[in-house]
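# Structural overview for review
For reference, the chains in residue letters:
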Amino acid sequence: MQPRPAETSAQTARVQLSGHLPGLDGVRGLAIVMVLATHFVGGATAHTLLQRLVVKAAGYGLLGVDLFFVLSGFLITGLLVRAKGRPNYFRNFYARRTLRIFPLYYGVLAGLFLVLPRLTTVTPMLAEAAKHQAWLWTYTSNFYLAHVSDWNTLTYVNHFWSLAVEEHFYLLWPLVVFSFSRPTLERICIGVILVGLAMRIGLAWSGMSELSISVLTPCRVDSLCAGGLLAIVAHRDEGRDAGRLVERALPAALLFGGLIVAVSAWCALTDLGVTTLHQVRDSLYALFFGAVVLLSLRPGHSFFSRAFQNRTLRFLGKYSYGLYVYHAILLWYFTDTHVEARFDALLGNHWLTMIAVAVVGTAISVAVAMLSFHLFEKHLLSLKRFFETDMTEARARRPMAAR
């Protein structure tokens, strides 16, 4: 007997949700490429119209942070949903997150604020950041930035705001997942997405700066919950709904991408409703990136599975945490030491300068991230084996312990 069409579709759309998911490594790689572009190209001085266009386009790479948020929400919620009801649910989660996040985070803070000042005279920019370091040690730098609405007060470590937002999510979300059923969790995620949008709109209308709104945890956790919602739905009926989600991902990406373009065009052509529409667009970005995450899970050898399993993207994804932490520190060092002007004097062509800064900055960032991982981080990450929930899944995941 031939299977019915619906059965055939369900079989071909079967999607893996646990173990090592190489497509998600590629998503990480894409996100960090976007962030590197916005800092090493989007921050360049532009002398011509074409250079201004290139710099502006690269500036949109800042959305890589939104992609990181959605991906984190998807991954963390999936892990928690699968671990729910098993022994040591909280211990295992918090121990594994601590081993992944804290050593590098606090190691960098210690290096910048405790060790470096004892070895040399720090730059005025780093000295200014050191005055406010208490916010960094307590994972509250995003609230400080929201208060002062000025990136330059934390300079070398102002990008740690996004790590603070994620840490707040990691702290509270396991309790939420543990306490509620999956249908209730879906409603909670939808509620957080809607409340986050409403809060951003309200704060924008009250006169708060877009910088301040963009770094506050209640205003950004909706992106994490967008990923979380997808993970919860995908895990319905032991993952049987994942295939249907992935099949709908491309139409969803086209829909949300089209809406983003339409809203952006409207805001560029008129001032009508811009305050509200900017915040709506942020929610559309989260939904669009949710569809991108699902596209990376397509089984087989589709265009998207091949694209997200590209070796370069997966390589960058493996070191994405270190790349994110180190690259902006290097960028501020470039600013402090006038690297762009030095390249201009050396090369005599500003296009070559822009290329050189991007290539040198990326290469150094990758090298430092690799050294950090192999000489320091991975030795602590090996301790994660003592906090495994599912040994089968753990063995599948172990080759990519960098996640």
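What you see is a predicted model; the values in this text were computed from it and never measured. (Residues numbered from 1 in each chain as written. Predicted model: local features only at pLDDT ≥ 70, side-chain atom pairs only at ≥ 80, totals over all residues. Heavy atoms only, no water.)

### Structural notes on the overall build of the chain
Spelled out, the test is: Comment: elements are numbered from the N terminus, with helices defined as DSSP H or I runs of at least four residues and strands as E runs of at least two. Atoms counted for the radius of gyration: C-alpha only. Globule rule: 2.2 Å times residue count to the power 0.38. For each residue, the accessible area found with a 1.4 Å probe, counting protein chains only, is set against the maximum for its type, and the residue is called buried under 20%, exposed over 50%, and partly exposed in between. Contacts: residue pairs with any heavy atoms within 4.5 Å of one another. Accessible surface area values rest on a Shrake-Rupley calculation with a 1.4 Å probe, where residue burial reflects the displayed protein chains alone. For the purpose of charge, His is not counted, nor are the chain termini; Lys and Arg are scored as positive and Asp and Glu as negative. Note that the charge is assigned to NZ on lysines, CZ on arginines, CG on aspartates and CD on glutamates.
Check the secondary structure of the chain and you find 21 helices and 0 strands. Relative to the compact-globule value of 22 Å for 403 residues, the chain shows a C-alpha radius of gyration of 22 Å, a close match. For the C-alpha atoms alone, the extent of the chain along its principal axes is close to 75 × 55 × 40 Å. Counting all 403 residues of the chain, 50% fall into the buried class. If you take every contact in the chain between residues at least 6 apart in sequence, the share linking residues at least 24 apart comes to 77%. Of the roughly 19,100 Å² of accessible surface on the chain, 68% is carried by carbon and sulfur atoms. Within the chain, the 23 negative side-chain charges are centred at a point lying 8 Å from the centre of the 36 positive side-chain charges.

### Details of helix H9 (residues 161-179)
As a reminder of what qualifies: Multiplying one less than the number of residues by 1.5 Å gives the expected span of a helix. By definition, a residue's bend is the angle between the axes fitted to the seven residues ending there and the seven starting there.
Over its 19 residues, H9 runs 28 Å from end to end, which matches the ideal 27 Å to within 8%, given 1.5 Å per residue. At Leu 172, H9 shows its largest kink, close to 35°, and the proline Pro 174 lies no more than four residues downstream.

### Re the side chain of Gln 51
As for its position among the elements, Gln 51 is in helix H3 (residues 49-59). Classification of Gln 51 by relative accessible area gives buried; the value is 2%.

### Examining the environment of Leu 175
The residue Leu 175 is located in helix H9 in this model. What makes Leu 175 partly exposed here is its relative accessible area of 47%. Spatially, the C-alpha atom of Leu 175 lies 27 Å from that of Gly 64, the residues being 111 residues apart in sequence.

### What to know about the pattern of salt bridges
To keep things clear, this is the line we draw: In the sections that follow, a salt bridge refers to a side-chain nitrogen of Lys or Arg positioned within 4 Å of a carboxyl oxygen of Asp or Glu.
Enumeration over the complete set of coordinates arrives at 8 salt bridges. Of the charged contacts, one joins Arg 236 and Glu 186 as a salt bridge, the two residues approaching to 2.7 Å between their closest N and O atoms. Here Arg 236 is found in the loop between helix H12 (217-234) and helix H13 (242-247), whereas its partner Glu 186 is found in helix H10 (residues 182-205), with 50 residues between them in sequence. Residue Arg 236 is classed as partly exposed on the basis of its relative accessible area, which comes to 34%. Here the salt bridges share partners, and the residues they tie into one network are Asp 25, Arg 28 and Arg 314.

### Describing the packing of aromatic side chains
Here is the rule we go by: Stacked, edge-to-face and tilted labels apply to pairs of Phe, Tyr and Trp rings (six-membered ring for Trp) whose centres lie within 6.5 Å, assigned for plane angles under 30 degrees, over 60, and everything in between, in that order. Lysine and arginine charges are scored as sitting over a ring when NZ or CZ, respectively, is within 6 Å of the ring centre and within 35 degrees of the ring normal.
On inspection of all chains with the given rule, the structure shows 22 aromatic pairs. Here the aromatic rings of Phe 315 and Tyr 319 are separated by 5.2 Å at their centres, their planes lie at 65°, and the arrangement is edge-to-face. With relative accessibility at 33%, the residue Phe 315 sits in the partly exposed group. Put simply, the rings of Phe 102, Tyr 105, Tyr 106, Trp 137, Tyr 139 and Phe 160 pair up and form one aromatic cluster. The residue whose ring lies beneath Arg 97 is Tyr 170, and the NZ or CZ to ring-centre distance is 5.3 Å.

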